[in-house]
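# Chain and residue survey
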Amino acid sequence: QVQVAESGETSVQPGESLRLSCRITGLTFDDYAVGWFRQAPGKGREGVASIYTASGSPYYVESVRGRFTISRDNAKNTLHLQMNDLKVEDSGMYYCVTDCTFRKRGRDWEIAGTGVWGQGTHVTVSS
């Protein structure tokens, strides 16, 4: 009964910005570490960002640090991903997931989606 709906699908040029949104219903939104993943053609699904609390430190994969910002609006059960200075390699299907797990990898971390997935929204970055 959990519903996950992404929005923000579009095509942009390199260097431009885009904000994705994900509305989640059917669960207590603020109890979960929600996240964004992406998948490019021919590649595996990659954890991009995750956030547990509205004010806590979020996770970002190294390739997007300094460019992407994840945020959550618990009152509206909505997750956002602000993507700035987009690159061609950022293209792919972006998925919202209701829960993530965190694992240490060397001195950094990685995430895995363990909750309910949305259908994805397509982001194309091209000149």
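Residues numbered from 1 in each chain as written. Predicted model: local features only at pLDDT ≥ 70, side-chain atom pairs only at ≥ 80, totals over all residues. Heavy atoms only, no water.

### Focus on the pattern of salt bridges
Note the cut-off: We count a salt bridge whenever a side-chain nitrogen from Lys or Arg sits within 4 Å of a carboxyl oxygen from Asp or Glu. In this description a helix means any DSSP run of H or I spanning at least four residues, a strand means any run of E spanning at least two, and both kinds are numbered starting from the N terminus. Per-residue accessibility, obtained with a 1.4 Å probe over protein chains only, is compared with the maximum for each type, and a residue is labelled buried under 20%, exposed over 50%, and partly exposed between these values.
On inspection of all chains with the given rule, the structure shows 5 salt bridges. A salt bridge links Asp 108 to Arg 65, with the shortest nitrogen-to-oxygen separation between them at 2.8 Å. With Asp 108 in strand S11 (residues 108–113) and Arg 65 in the loop between strand S6 (59–60) and strand S7 (68–73), this residue pair connects regions lying 43 residues apart in the sequence. Among the residues examined, Arg 65 registers a relative accessible area of 38% and is labelled partly exposed. Note that Arg 105 and Glu 110 form a salt bridge whose closest N and O atoms lie 3.1 Å from each other. Accessibility expressed as a relative area gives 60% for Arg 105, which makes it exposed.

### Some thoughts on the sheet that holds strand S12 (residues 121–125)
The test is simple: Strand pairing follows a simple DSSP-based rule, namely that at least 2 bridges must link the two strands.
Within the open sheet, the 6 strands sit side by side as S2-S12-S9-S4-S5-S6. Their pairing is mixed. Only two strands of the sheet have a single neighbouring strand rather than two, namely strand S2 (10–12) and S6. Examined bridge by bridge, strand S4 (residues 34–39) and strand S9 (residues 92–97) share 5 bridges and lie antiparallel to one another. The partner of Gln 39 across the bridge, within S9, is Met 93.

### Quick notes on the sheet that holds S7
In a beta sheet, neighbouring strands are held together by backbone hydrogen bonds and run either parallel or antiparallel to one another. The condition that has to hold: Angular values range over 0 to 180 degrees, each being the angle between N-to-C directions of two axes fitted as lines to C-alpha atoms, with helices fitted over their stretch in contact.
Spatially, 4 strands are ordered S1-S3-S8-S7 in an open sheet, and the strand pairing comes out antiparallel. Where the open sheet ends on each side, the last strands, each with one partner, are strand S1 (3–7) and S7. Neighbouring strand axes in the sheet, compared pairwise and without regard to direction, differ in orientation by 15° on average. Of the pairings in the sheet, the one linking S1 to strand S3 (residues 18–25) comprises 5 bridges and is antiparallel in character. Residue pairing for S3: Glu 6 is matched across the bridge by Cys 22.

### Let's talk about the confidence of the model for the protein
Operational definition: Confidence of the predictor in every single residue is expressed as pLDDT, which spans 0 to 100.
Model confidence for the protein is summarised by a mean pLDDT of 92, while 100% of its residues fall at 70 or above. Ranking the elements of the protein by mean pLDDT puts strand S10 (residues 100–105) last, at 88, and S9 first, at 97.

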